[in-house]
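Fold and contact review
Listed below are the residues making up each chain.
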Amino acid sequence: AQTVTQSQPEMSVQEAETVTLSCTYDTSENNYYLFWYKQPPSRQMILVIRQEAYKQQNATENRFSVNFQKAAKSFSLKISDSQLGDTAMYFCAFTRGGATNKLIFGTGTLLAVQP
Amino acid sequence: NAGVTQTPKFQVLKTGQSMTLQCAQDMNHNSMYWYRQDPGMGLRLIYYSASEGTTDKGEVPNGYNVSRLNKREFSLRLESAAPSQTSVYFCASSEDTGKNTEAFFGQGTRLTVV
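Now for a quick tour of the structure. Because the structure is predicted, anything quoted here is derived from the model rather than measured.

Points about the interface of chain A and chain B
Across the contact, 22 residues belong to chain A and 30 residues belong to chain B. With both sides pooled, the region where chain A packs onto chain B buries about 2100 Å², and carbon together with sulfur makes up 49% of that total. On inspection of chain A and its partner chain B, the count reaches 0 salt bridges. In this structure, the connection of chain A to chain B is made through 8 residue pairs in polar contact (both at pLDDT 80 or more). Those elements giving two or more residues to the side of chain A that touches chain B turn out to be β5 (32-39), β6 (46-52) and β10 (88-96) of chain A. Here the element with the most residues in the side of chain A that touches chain B is β5 of chain A; it accounts for 4 residues. Of the residues belonging to the side of chain A that touches chain B, the class tally is 9 nonpolar, 9 polar and 4 charged.

This is the structure we're talking about:
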């Protein structure tokens, strides 16, 4: 069975600084996808970034980038130039490749950006 | 563009009562999902539907039933609510391309069972 582990329940960062959130996963699959979702206080789940396991290049989306280490089964999220609006719960998620997008989530990291 | 719409947003039930959570998506997605979110546990899959007319159990299906009424709608029913079902429930949908692009989520239903 696949599992996703986020070992940092809470983190704090100063505005404009950089922070890295950790995620590890366990799977025997070769074809899979990894995601980071953001959940602000509004409760809405928002996709931040997505990585395809067969791509070696790390995904980037503006201030958000990942460090995908396939052999180590590690998928960390780096947020550069942190903004107050980045304050949220961040979830790492895994899905096997295939027609449906059943997600397995980690337990989340609560990120607080301090002014 | 509404995306995924869930109703209601909040609900309080007494133990033993029943209710149905409604979900509708307007993106023509084949796959739909119900998750529950509990503190310290992330989101866990309750049931999913890969296409109209099909449903399958997820990780935590006990105490729930679902209906895929048509391509747009996927409802979740609690027949006899229990305090352990106090949670935030999310409906989601995704495109069925095999490329696992993105799951789109509704805004959640906060359910309290007393």
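Re the nonpolar core
The tendency in soluble globular proteins is for nonpolar side chains to be buried side by side. Core analysis: the biggest nonpolar cluster contains 25 residues, and Tyr25, Trp36, Phe75, Leu77 and Tyr90 of chain A have the highest contact counts within it. Listed by contribution, the elements that provide at least two residues to this core are β3 (19-21), β5, β6, β8 (64-69), β9 (74-79), β10 and β12 (109-114) of chain A. By residue number, the principal contributor to this core is β10 of chain A, which donates 4 residues. Core analysis: the next-biggest nonpolar cluster, separate from the first, contains 20 residues, Leu21, Val60, Phe74 and Leu78 of chain B among them.

A word on the sheet that holds strand β8 (residues 74-78) of chain B
Residue and element names in this part refer to chain B. The strand order across the open sheet built from 4 strands is β1-β3-β8-β7, with neighbouring strands paired in antiparallel fashion. Lying at the two open borders of the sheet, with one neighbouring strand each, are β1 (4-7) and β7 (65-68). Sheet twist, expressed as the average angle between the axes of neighbouring strands with direction ignored, equals 15°. By the bridge criterion, 4 bridges tie β7 to β8 in an arrangement that is antiparallel. Opposite Ser67, over in β8, you have Ser75 as the bridge partner.

What counts and what doesn't
Residues numbered from 1 in each chain as written. Chains lettered and ligands numbered in written order. Predicted model: local features only at pLDDT ≥ 70, side-chain atom pairs only at ≥ 80, totals over all residues. Heavy atoms only, no water. Contact = heavy atoms within 4.5 Å. Buried area = accessible area lost by both parts, 1.4 Å probe. Salt bridge = Lys/Arg side-chain N within 4 Å of Asp/Glu carboxyl O. Polar contact = N/O pair within 3.5 Å; in protein donor to acceptor, adjacent residues only side chain to side chain. Helix = DSSP H or I, 4+ residues; strand = E, 2+ residues; numbered from the N terminus. Nonpolar A, V, L, I, M, F, W, Y, C, P; charged D, E, K, R; others polar. Core = buried A, V, L, I, M, F, W, Y, C linked by side-chain atoms within 4.5 Å. Buried < 20%, exposed > 50% of the residue type's maximum accessible area, 1.4 Å probe, protein only. Pairing = 2+ DSSP bridges. Axes fitted to C-alpha atoms, helices over the stretch in contact; angles between N-to-C directions.

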